[in-house]
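Reading the structure
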Amino acid sequence: MLLAAIWPAIVLVSQHGIDSGLQSAGIFVIETLGTFLLAKRYVRDVFAFQHMVRCLALIVVFLLPFAAYESISGSPILIELFGKVFSVYRVVYDEPRMGLRRAQGPFEHQILFGVVCSSAFALSYYAFGVARRQMGRLALGPVVMAVFFSLSSGALLSVVVQAMFIAWDKVTVNLTRRWAILALLMISAYLVVNVLSNRTPFEVFISYLTFNADTSYMRVLIWQYGTGSVMAHPIFGTALYDWDRPEWMPGSIDNFWLETAVRYGFPGLLFMAGGFLSVCFGLGRLRNLSFEVAQCRKGLIITLCGLAFAACTVHLWDAPYVLLIFLLGSGMWMFDHNNGFASTTSAAQDAHSHWVTHPDL
């Protein structure tokens, strides 16, 4: 994660100079490394992690009525309300889908609202804590509804992927090496599509995960020209300059991983994806965890997998990007057995013993 923050900063300063590139580089380092270290520092045990999950779910539940009102009435109520006093994001006007306006909420774009809401799905299912498990399951409905009102394929994909992983977890509970088997099945499906289709697996994937043909076609073009831009600038990327594409194509890249490679080259993608995978695979290799910690780990990994798939269809920036990095850092306490569940459990036991010994307190 240090390299994921430093390399883009080097690229920005080297290509745009100190005057123009230093501010963007500094913000990127703060949003990436700063956010990761903040989560690592303040989410230190299972109780703090569960509290974080409950706060995240509560935020989504709080936003749901506003999203429903915005989607049904067509009025972006939160942006209009706060816009009377503060500087806010501009209202994005897209064509209605299924007769509804795509809820933007307090974010810059509708898909960002949906992706943020989707991050609470698997975490609510697994990591509310044993005493509040039923409350976590009840939160799933509002989370799904909030994602629905965004009417964004990427956000819905995140929820679908998480739901599939949860279903696999329940069905294969007695199967050994079940996650390795799932990975093998996914790789096999990719290879089958690659062999049998006259399109690339990514193009097939995108064609079935968009609401209309125009969006699908544009994302295929972005993938084709974006990968071409990466090959033309493999090390330092294009930074904040225009990437290689026809003049009639928009400049946005609806793919977080591709955007990272285009802007910061293969090293930028390698460091970001490497940090992401090292956290997921590192957590997956941990053994002898208590039930509560194992549930937190499962919810976090499944959430990160859902967001990783969603990031193939949307670029993440501002608050949603910070949330993704924060979630990565929020699981680091699991690697430290001294600061994990064992220490907090011992502290709780010590407190209980002290109360038994001194009941007058």
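Our subject in this report is the structure included herewith. Per chain, residue numbering runs from 1 following the sequence as it is written. Predicted model: local features are reported for residues with pLDDT of at least 70 only, side-chain atom pairs are reported and counted for 80 or more only, and whole-chain, interface and lining totals are derived from all residues. To obtain the side-chain values, all non-hydrogen atoms of the structure were used and water was disregarded.

**Examining the pattern of salt bridges**
Here is the rule we go by: Salt bridge criterion: a side-chain nitrogen from Lys or Arg within 4 Å of a carboxyl oxygen from Asp or Glu. Each helix is a run of H or I in the DSSP string that is no shorter than four residues. Each strand is a run of E no shorter than two, and both are numbered from the N terminus. Burial classes follow relative accessibility: with a 1.4 Å probe on protein chains only, a residue under 20% of its type's maximum area counts as buried, one over 50% as exposed, and anything between as partly exposed.
Per the stated rule, a full pass over the model turns up 6 salt bridges. In this structure, R101 engages E70 in a salt bridge whose closest nitrogen and oxygen atoms are separated by 3.1 Å. Taken as a pair, R101 in the loop between α3 (77-82) and α4 (110-118) and E70 in helix α2 (residues 46-73) lie far apart in primary sequence, 31 residues in all. One exposure class covers both R101 and E70, and it is buried. Residue E259 is joined to R263 by a salt bridge in which the shortest nitrogen-to-oxygen separation is 3.1 Å. With E259 and R263 both in helix α11 (residues 256-284) and 4 residues apart, the pair spans about one turn of that helix. R263 gets classed as buried once you look at its relative accessible area, which sits at 12%. Where salt bridges share partners, they join D169, R178 and K298 into one cluster.

**Some words on α4**
Counted residue by residue, α4 has 9 buried out of 9 residues, so it is predominantly covered. Within the span of α4, buried status applies to Q110, I111, L112, F113, G114, V115, V116, C117 and S118.

**Overview of the nonpolar core**
For the record, the criterion: Among buried residues, the Ala, Val, Leu, Ile, Met, Phe, Trp, Tyr and Cys ones that are joined through side-chain atoms within 4.5 Å form a nonpolar core. Only heavy atoms matter for contacts: two residues are in contact if any of them lie within 4.5 Å across the pair.
By size, the foremost hydrophobic cluster in this structure holds 80 residues, and its most contacted members are F49, L316 and M334. Residue contributions to this core peak at 11 residues, all from α2. Beyond its immediate chain neighbours, meaning those up to four positions away, F49 contacts V43, L123, A127, C296, L300, S330, W333 and M334.

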